[in-house]
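# Analysis of the macromolecular model
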Protein chains: 2
Amino acid sequence: MAEFALIEKYFTRPTQADLGVGDDAALVRVRPGYQLAVSADMSVAGTHFFADIDPFAVGWKSMAVNVSDMAAMGAEPKWATLSIALPEANDAWLTGFSQGLFACTEQFGVSLIGGDTTRGPLNIAINILGEVPQGQALQRNGAQPGDDIWVSGVLGKAALWLQYRLGKQDLHEMEASMLAKAMHHPQPRVALGVALRGIASAALDLSDGLLADLSHILEASKVGATLDWLAIPKPQLQHSRVSASMMQGAVLTGGDDYELCFTASPKHYAQLVALSVQLDVPLTRIGQITAAAGLHVFAGQNRLEWSNKGYTHFG
Amino acid sequence: MAEFALIEKYFTRPTQADLGVGDDAALVRVRPGYQLAVSADMSVAGTHFFADIDPFAVGWKSMAVNVSDMAAMGAEPKWATLSIALPEANDAWLTGFSQGLFACTEQFGVSLIGGDTTRGPLNIAINILGEVPQGQALQRNGAQPGDDIWVSGVLGKAALWLQYRLGKQDLHEMEASMLAKAMHHPQPRVALGVALRGIASAALDLSDGLLADLSHILEASKVGATLDWLAIPKPQLQHSRVSASMMQGAVLTGGDDYELCFTASPKHYAQLVALSVQLDVPLTRIGQITAAAGLHVFAGQNRLEWSNKGYTHFG
């Protein structure tokens, strides 16, 4: 199958664009009064996902991690390009992959407007564009001492599943499949990100682990933080035995959560509790920003120690 | 070296953006009255370039092929993201690569505003964004019967060098190095693309070979074309023997030219000759658009035949 036929067959759907797939570039219009938010994420077989993973999940997640970056900015995701290197043109794989990819774009109103298809070791590079009203983006540098620290959802699910898949953690079958869903079908928090405009003083999405990612907010905002281990929402497993250190590792330093972590003045507490109900997204206050530098985690009076903050590709 | 240190060391330079590298997304503003042009190109070691090629050239060319897509739309390139998978963090390679990449961005006024760095087989995915005044983009679907067909520069240089590198063509050393330059340091025709707004009825950049790429214009515009082989600008080699069939293959079906091919009404002939002088870019009329479908190449009275239209990744 020629490159153009492949693009036509798997990667062409109706778009919200002045000009979509098929020319040297796509053409779109950004609404007056809006900034364009631009982000890119690359997913590599063997690094980001096991080569034998369901291609639908690979398609969903490759797009979802990009949509999640828009959520983290409080931007509405609008357009994306897909550059993909494939070892071969395998129909079953491409069908599943493109279905997963478009399931995600359609859920979040994203148009695939272009890209590139080439031969090579499997690599999926997506670039996403979104719109955010001028000056209202959620950045990392606005956290203030005294601000509450919040997270959406439950942390550590995907990381626990990874330990299971690597043979380092036993799990009850039903619970393993619940955790696998978190790894393979993350739900970008777009509506939450939009709702946090004007409320959150800083925000990002959790991809490399809570401690590593929160550290970016602390560095950008020149502040510190204390976290309450007991408050952090953890996977509730009734049928599997998970040691305390395994659970701490997964929740604090595991990656692939794709939940939002944000800071907000305590005056917004009730508003955030109401928002959690309204959006049906768990929001939990897990700590506080401090003027003193450093990131400390307490379980009651005990301070937790850890050796590894999170995932890094060239550590 | 951690991922963030690597990005900081090699890939962070001043940008024209409201928010550059370092948050979940970059933020930029598109000028009122302009459309955003969006394109993406992926370069894979072993597919697009030999693994032993000078990393400066890899950096230059990975960016240049994206800039060339903006030129082909008549857009001004403005912003780019780089997603790169690296087998290892090799300082010498990254230094050369980033210098080549930024040499290109700086020459063409492009800001690198974000991206992703990960471990994996070498793969360079660039997404480029540009601005074009509303309604003035150069598309592929406007060619009219009677229009002249033009190309910039000289075709077939990079393709001849590839045959040399593959051991299928002998070349005098000096001429080989002149052709290598065309392969590794293509010059995107941005100023030409901008100048062609309102003049060209259709345009694209030549990456897969003249016949294959021109066919895209013909299909999109529902027209045909005849080309004059004798008029097409070819490499002038004084010291190397190149057979007629090798030269035809390189010029007509070889890839990697990154010249513009465009159509324009004959009434613009004198204007285009003047533009060629003004921009110091060779512009040559090589044929004509026909109402009848089909793409034919004549050398005087003889019609040339060919077996393979151009490069395809999954052909």
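As the structure is a computational prediction, the values presented were derived from the model and not from experiment. (Residues numbered from 1 in each chain as written. Chains lettered and ligands numbered in written order. Predicted model: local features only at pLDDT ≥ 70, side-chain atom pairs only at ≥ 80, totals over all residues. Heavy atoms only, no water.)

## Quick notes on the overall build of chain A
For clarity, the threshold we go by: Helix and strand assignments follow DSSP, with helices taken as H or I runs no shorter than four residues and strands as E runs no shorter than two, numbered in order from the N terminus. This radius of gyration counts C-alpha atoms alone. The globule rule is 2.2 Å times how many residues there are, raised to the power 0.38. Each residue is assigned to one of three classes by its accessible area relative to the maximum for its type, calculated with a 1.4 Å probe on protein chains only: buried under 20%, partly exposed between the two thresholds, exposed over 50%. We call two residues contacting when some pair of their heavy atoms lies within 4.5 Å. The Shrake-Rupley method, run with a 1.4 Å probe, gives the accessible areas here. Residue values count only the displayed protein chains as cover. The charge count includes Lys and Arg as positive and Asp and Glu as negative, but it does not include His or the ends of the chains. Note that the charge is assigned to NZ on lysines, CZ on arginines, CG on aspartates and CD on glutamates.
Secondary structure summary: chain A contains nine helices and twelve strands in total. Against the compact-globule benchmark of 20 Å for 315 residues, chain A has a radius of gyration of 20 Å, which places it among compact chains. Relative to its 315 residues, chain A shows a buried fraction of 59%. Long-range contacts, defined here as pairs at least 24 residues apart, represent 87% of the contacts in chain A between residues at least 6 apart. Accessible surface computed for chain A: about 12400 Å², of which carbon and sulfur atoms make up 50%. Counting 21 positive and 30 negative side-chain charges, chain A places the centres of these two groups 6 Å from one another.

## A word on the interface of chain A and chain B
Cut-off, in case you're wondering: Buried area is understood as the total, over both parts, of accessible area removed when two parts are fitted together, assessed with a 1.4 Å probe. We define a salt bridge as a side-chain nitrogen of Lys or Arg found within 4 Å of a carboxyl oxygen belonging to Asp or Glu. Residues adjacent in sequence count toward polar contacts only when both atoms are side-chain atoms; beyond that, a polar contact is any pair of N or O atoms within 3.5 Å, and within protein one must be able to donate a hydrogen and the other to accept it. Throughout this entry, Asp, Glu, Lys and Arg are counted as charged residues, while Ala, Val, Leu, Ile, Met, Phe, Trp, Tyr, Cys and Pro are counted as nonpolar. The remaining residues, Gly among them, count as polar. Should DSSP find at least two bridges between two strands, the strands are taken to pair.
In this complex, chain A contributes 66 residues to the contact, which on the side of chain B involves 66 residues. Around 5100 Å² of area is buried between chain A and chain B when both sides are counted, 56% of it from carbon and sulfur atoms. One can count four salt bridges joining chain A with chain B. Linking chain A with chain B are 21 residue pairs in polar contact (both at pLDDT 80 or more). The set of elements that each furnish at least two residues to the side of chain A that touches chain B consists of α1 (3-10), β1 (26-28), β2 (34-44), α2 (55-73), β3 (76-86), β4 (111-119), β5 (123-133) and β7 (200-205) of chain A. Looking at the side of chain A that touches chain B, the element that brings in the most residues is β2(A), giving ten residues. Broken down by class, the residue content of the side of chain A that touches chain B amounts to 34 nonpolar, 19 polar and 13 charged. Relative to strand β1 (residues 26-28) of chain B, β2(A) runs antiparallel, the two being bridged by three bridges.

## Observations concerning the domain arrangement of chain A
All names here are of chain A. Stated formally: Segmentation into domains, and thus their bounds, comes from an automatic or database assignment.
One can read the domain layout of chain A as domain 1 (3-133) and domain 2 (148-303). Domain 1 and domain 2 are separated by 26 Å when their C-alpha centres are compared. Taken together, the 23 residues of domain 1 in the interface contact 21 residues of domain 2. Note on domain 1 versus domain 2: buried area summed over both sides is about 1700 Å², and carbon and sulfur give 62% of it. For the domain 1 face of the interface with domain 2, the top three residues by lost area are F50, K61 and A71, together amounting to 29%. Residue D256 pairs with K61 through a salt bridge whose shortest N-O separation is 2.8 Å. One can count eight residue pairs in polar contact (both at pLDDT 80 or more) joining domain 1 with domain 2.

## Let's talk about the packing of aromatic side chains
Aromatic ring pairs are defined here through the distance separating the ring centres and the angle between the ring planes. Selection criterion: Working definition: a ring pair exists when centres of Phe, Tyr or Trp rings (six-membered ring for Trp) sit within 6.5 Å. Plane angles under 30 degrees give stacked, over 60 give edge-to-face, the rest tilted. The criterion for a charge sitting over a ring is simple: Lys NZ or Arg CZ within 6 Å of the ring centre, and within 35 degrees of the ring normal.
A complete count under the given rule lists 14 aromatic pairs over all chains for this structure. Look at Y10(B) and F11(B): their rings are 6.3 Å apart centre to centre, the planes differ by 55 degrees, and that puts the pair in the tilted class. Side by side, Y10(B) and F11(B) carry an identical accessibility label, which is buried. Between W150(B) and F262(B), the ring centres sit 6.2 Å apart and the planes meet at 0 degrees, which makes this aromatic pair stacked. Of this pair, W150(B) sits in strand β6 (residues 148-152) while F262(B) sits in strand β9 (residues 260-264), and the two are 112 residues apart along the sequence. One exposure class covers both W150(B) and F262(B), and it is buried. Each residue in the set Y10(A), F11(A), W93(A) and F97(A) is aromatic and connected to the rest through ring pairs, giving one cluster. For the cation-ring pair, K234(A) lies above W229(A), with the distance from its terminal atom to the ring centre recorded as 4.6 Å. Sitting over the ring of Y34(B), R31(B) keeps its end group 4.0 Å from the ring centre.

## With respect to the sheet that holds strand β12 (residues 302-304) of chain A
Residues and elements named next belong to chain A. Cut-off, in case you're wondering: Every angle, taken between N-to-C directions, lies between 0 and 180 degrees, and every axis is a line fitted to C-alpha atoms, over only the stretch in contact when it is a helix.
Read across the open sheet, the seven strands follow the order β7-β9-β6-β10-β8-β11-β12; overall the sheet is mixed. Edge positions in the open sheet fall to β7 and β12, since each of these has one partner strand only. Strand-to-strand, the axes of this sheet are offset by a mean angle of 30 degrees, without reference to chain direction. Judged from the four bridges that link them, strand β8 (residues 224-228) and strand β11 (residues 295-299) form a sheet pairing that is parallel. Directly across from A225, in β11, lies its bridge partner L295.

## Structural notes on the relation of the copies chain A and chain B
Cut-off, in case you're wondering: In this comparison the copies share one frame, found by least squares on the C-alpha atoms of residues holding pLDDT of at least 70 in both.
After a rotation of 180 degrees and a shift along the axis of 0.0 Å, chain A superposes on chain B with an RMSD of 0.0 Å. With respect to symmetry, the two chain copies, as superposed, fit the operation of a two-fold axis. Looking at chain A, 100% of its interface residues are interface residues in chain B too, so the copies touch through the same face.

## Here's the deal with the pairing of strand β10 (residues 283-290) of chain A
Residue and element names in this part refer to chain A. Pairing between strand β6 (residues 148-152) and β10: five bridges, direction antiparallel. Considered in β10, the bridge of W150 is made with R285. Across four bridges, β8 lies against β10 in antiparallel orientation. For G224, the partnering residue across the bridge sits in β10 and is T290.

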